[in-house]
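Per-entry structural report
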Amino acid sequence: ATGDVSGTDRVGGLVGSTSTSLTSSYSTGAVHGARCVGGLVGMNEGEIANCYTRGLVWGTQYLGGLVGINCRTIVNGYATGLVVGGQAIGGLVSPDDGYSKASVVGSFWDMQTTRQATSTGGTGKSTINMQSGATFLDAGWDFVGETDNGTQDIWWIEEGQDYPRFAWELESDG
């Protein structure tokens, strides 16, 4: 998804709310809402794997660079867009509001570009670390040309110049 999105509750750059699996997806547009606002998903009650977002997120309450409220699982995701607003804000995921079953594995947010120092789950990194393949390889991400983390070749990175992108994006860029 590349367009801007606005709404009231459970607003996401790709999906407002999900209770199923969401994989190999991204969003880049700005997302605005009042509550449960995320760059990719407003409220996650399923599994998000191998996803990212780069768009601005702003709203009133429960804002996250990737996910507004995470009730289940996030694996290998990242957020880089500015996250601003009222209360309960996180660089990757907003404060969990008591969702003890939630899990975030191998996921990151850029603390400089999101302007957020905290998140419920994930690890905050500087821009230079977010543009380094080693950050993601050490977390088990499967990159083109390496086999330690798998042979599916899901991700690629222009070292020191950009954030990870999907291998299929490289192929479509020609």
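Small disclaimer: the values here were computed from a predicted structure and weren't measured. (Residues numbered from 1 in each chain as written. Predicted model: local features only at pLDDT ≥ 70, side-chain atom pairs only at ≥ 80, totals over all residues. Heavy atoms only, no water.)

Description of the sheet that holds strand S9 (residues 67-70)
The line we're drawing: Strands are treated as partners if at least two bridges between them are detected by DSSP. Helix and strand definitions follow DSSP, with helices as H or I runs of at least four residues and strands as E runs of at least two, each counted in order from the N terminus. Whenever a helix is involved, its axis is fitted only over the stretch in contact; in every case the axis is a line through C-alpha atoms, and angles between N-to-C directions fall within 0 to 180 degrees.
Taken in spatial order, the three strands line up as S3-S6-S9 in an open sheet, and their pairing is parallel. Each edge of the sheet is formed by a strand with only one pairing partner; in this case those strands are strand S3 (15-18) and S9. Geometrically, the sheet is characterised by an average inter-axis angle of 5 degrees between neighbouring strands, direction not taken into account. In this sheet, S9 lies alongside strand S6 (residues 41-44) in parallel orientation, the contact comprising three bridges. Within the sheet, the bridge partner assigned to valine 41 lies in S9 and is valine 67.

Here's the deal with the pattern of salt bridges
Note the threshold: A pair is scored as a salt bridge if a Lys or Arg side-chain nitrogen falls within 4 Å of a carboxyl oxygen belonging to Asp or Glu. Think of it in three bands: residues with accessible area under 20% of the maximum for their type are buried, residues over 50% are exposed, and the middle band is partly exposed, with areas taken using a 1.4 Å probe on protein chains only.
Within this structure, the stated rule accounts for three salt bridges. Across the salt bridge formed by arginine 35 and aspartate 9, the nearest N and O atoms sit 3.9 Å from each other. Pair noted here: arginine 35 is in strand S5 (residues 31-38) and aspartate 9 is in strand S2 (residues 9-12), with a separation of 26 residues, a long-range link. With a closest N to O distance of 3.5 Å, arginine 165 and glutamate 169 form a salt bridge. Residues arginine 165 and glutamate 169 agree in their burial class; the two are buried.

What to know about the packing of aromatic side chains
How we decide: Between rings of Phe, Tyr and Trp, where Trp is taken as its six-membered ring, a pair exists when centres lie within 6.5 Å; planes separated by under 30 degrees are stacked, by over 60 edge-to-face, and by other angles tilted.
Evaluated as defined, the whole model comprises 15 aromatic pairs. Residues tyrosine 52 and tryptophan 155 carry aromatic rings whose centres are separated by 6.2 Å and whose planes lie at 50 degrees to one another, so their mutual orientation is tilted. Of this pair, tyrosine 52 sits in strand S7 (residues 47-53) while tryptophan 155 sits in strand S15 (residues 155-156); the two residues are 103 residues apart in sequence, bridging distant segments of the chain. The buried category is assigned to tyrosine 52, whose relative accessible area is 2%.

Digging into the environment of glycine 81
Quick note on the threshold: Throughout, a residue-residue contact means that at least one pair of heavy atoms, one from each residue, lies within 4.5 Å.
Tracing the chain through its elements places glycine 81 in the loop between strand S10 (73-79) and strand S11 (83-90). Glycine 81 gets classed as buried once you look at its relative accessible area, which sits at 6%. Discounting chain neighbours no more than four positions away, the residues touching glycine 81 are Thr53, Arg54, Gly55, Thr113 and Thr114.

Observations concerning the environment of aspartate 138
Its place among the elements puts aspartate 138 in the loop between helix H3 (133-137) and S15. The exposure class assigned to aspartate 138 is exposed, which follows from its relative accessible area of 71%. Sequence separation between aspartate 138 and aspartate 9 is 129 residues, and the spatial gap between their C-alpha atoms is 36 Å.

Brief notes about the side chain of glutamate 169
Under the convention used in this document: The definition of a polar contact used here is a pair of N or O atoms within 3.5 Å, where within protein one atom must be able to donate a hydrogen and the other to accept one, and adjacent residues in sequence count solely through side-chain atom pairs.
Note on placement: glutamate 169 falls in helix H4 (residues 167-173). Since its relative accessible area comes to 4%, glutamate 169 is described here as buried. Polar contacts involving the side chain of glutamate 169 include one to the side chain of tyrosine 52, which spans 2.9 Å. A polar contact of 2.9 Å, which involves the side chain of glutamate 169, links it to the backbone nitrogen of phenylalanine 166. For glutamate 169, the residues in contact, after removing those within four places along its chain, are Tyr26, Tyr52 and Trp156.

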